[in-house]
Amino acid sequence: TDVGKMAKGDFFGDVSFVFGAGAPCTASVVAVTDVTVIEIKKEILRATFAIRPDLACKFYRLFAALNVRRLERNLVVAFYERKKSSVMVTKEEFK
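Residues numbered from 1 in each chain as written. Predicted model: local features only at pLDDT ≥ 70, side-chain atom pairs only at ≥ 80, totals over all residues. Heavy atoms only, no water.

Quick word on the overall build of the protein
Looking only at helices and strands, the protein features four helices and zero strands. Reading the helices (α) and strands (β) of the protein from amino to carboxyl end gives α-α-α-α. Taking the contacts inside the protein whose residues are at least 6 apart along the sequence as the reference set, 56% of them involve residues at least 24 apart. For the protein, the exposed area adds up to about 8,400 Å²; of that, 62% sits on carbon and sulfur atoms. (Helix = DSSP H or I, 4+ residues; strand = E, 2+ residues; numbered from the N terminus. Contact = heavy atoms within 4.5 Å. Areas by Shrake-Rupley, 256 points an atom, 1.4 Å probe, with all protein chains shown as cover.)

Structure, rendered in structure tokens:
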């Protein structure tokens with residue numbers, strides 16, 4: 001299922017970085033056009049955060065905002081899927 005498109009400046013792999021290698025895979029990424037990908041090793045990122053906590057703060061803010069958008073998108077998809085199956089959804093349920 002296609003859950004979205006990424007644009008310049010977007011990133012992925014953040015869930016694995018935050019929760020570790022044992023975290024379940026939450027998505028796969030497939031390029032549909034030519035792209036340039038920059039891989040940043042978690043050890044380097046963690047070392048950078050240790051000496052630049054301001055960057056860590058920005059990263060975790062972006063992480064939180066990205067996951068709020070993901071959650072909102074998933075709620076909307078679930079809402080419309082449920083609506084298509086003709087199950088009534090009340091306004092209170094959607095909140």
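Section: the environment of Asn-67
With respect to the helices and strands, Asn-67 occurs in helix α3 (residues 53–84). For Asn-67, a relative accessible area of 25% translates into the label partly exposed. For Asn-67 and Asp-14, which are 53 residues apart along the polypeptide, the C-alpha to C-alpha distance reads 9.7 Å. Filtering out sequence-adjacent residues up to four positions away, Asn-67 remains in contact with Asp-14 and Val-15. (Buried < 20%, exposed > 50% of the residue type's maximum accessible area, 1.4 Å probe, protein only.)

Regarding the nonpolar core
Counting five residues, the largest nonpolar core is built from Phe-17, Leu-45, Phe-49, Ala-56 and Phe-59. At the level of secondary structure, the elements contributing two or more residues to this core comprise α2 (42–51) and α3. Beyond its immediate chain neighbours, meaning those up to four positions away, Phe-59 contacts Asp-14, Phe-17, Val-18, Leu-45 and Phe-49. (Core = buried A, V, L, I, M, F, W, Y, C linked by side-chain atoms within 4.5 Å.)

Let's talk about the packing of aromatic side chains
For the coordinates displayed, the defined rule picks out three aromatic pairs. Arranged with centres 6.1 Å apart and planes meeting at 55 degrees, the rings of Phe-49 and Tyr-60 form a pair that is tilted. Within this pair, whereas Phe-49 is found in helix α2, its partner Tyr-60 is found in helix α3, the two being separated by 11 residues in sequence. When the ring of Phe-59 is compared with that of Tyr-60, the centres are 5.1 Å apart and the planes differ by 85 degrees; the resulting orientation is edge-to-face. Assessed through its relative accessible area of 14%, Phe-59 is described here as buried. (Phe/Tyr/Trp six-rings, centres within 6.5 Å; stacked < 30°, edge-to-face > 60°.)

Description of the pattern of salt bridges
Here the structure, examined in full by the defined rule, presents two salt bridges. When the shortest N-O distance is used, the salt bridge between Lys-41 and Glu-39 registers 3.2 Å. Residue class for Lys-41 comes out partly exposed when judged on its relative accessible area of 45%. Across the salt bridge formed by Asp-54 and Arg-52, the nearest N and O atoms sit 2.7 Å from each other. Exposure remark for Asp-54: the relative accessible area of 34% places this residue in the partly exposed category. (Salt bridge = Lys/Arg side-chain N within 4 Å of Asp/Glu carboxyl O.)

Concerning the confidence of the model for the protein
Of the residues in the protein, 83% have a pLDDT of 70 or more, and the chain-wide mean is 79. Taking the mean pLDDT of every element in the protein, the minimum, 59, falls on helix α4 (residues 91–94) and the maximum, 93, on α2. (pLDDT = per-residue confidence, 0-100.)

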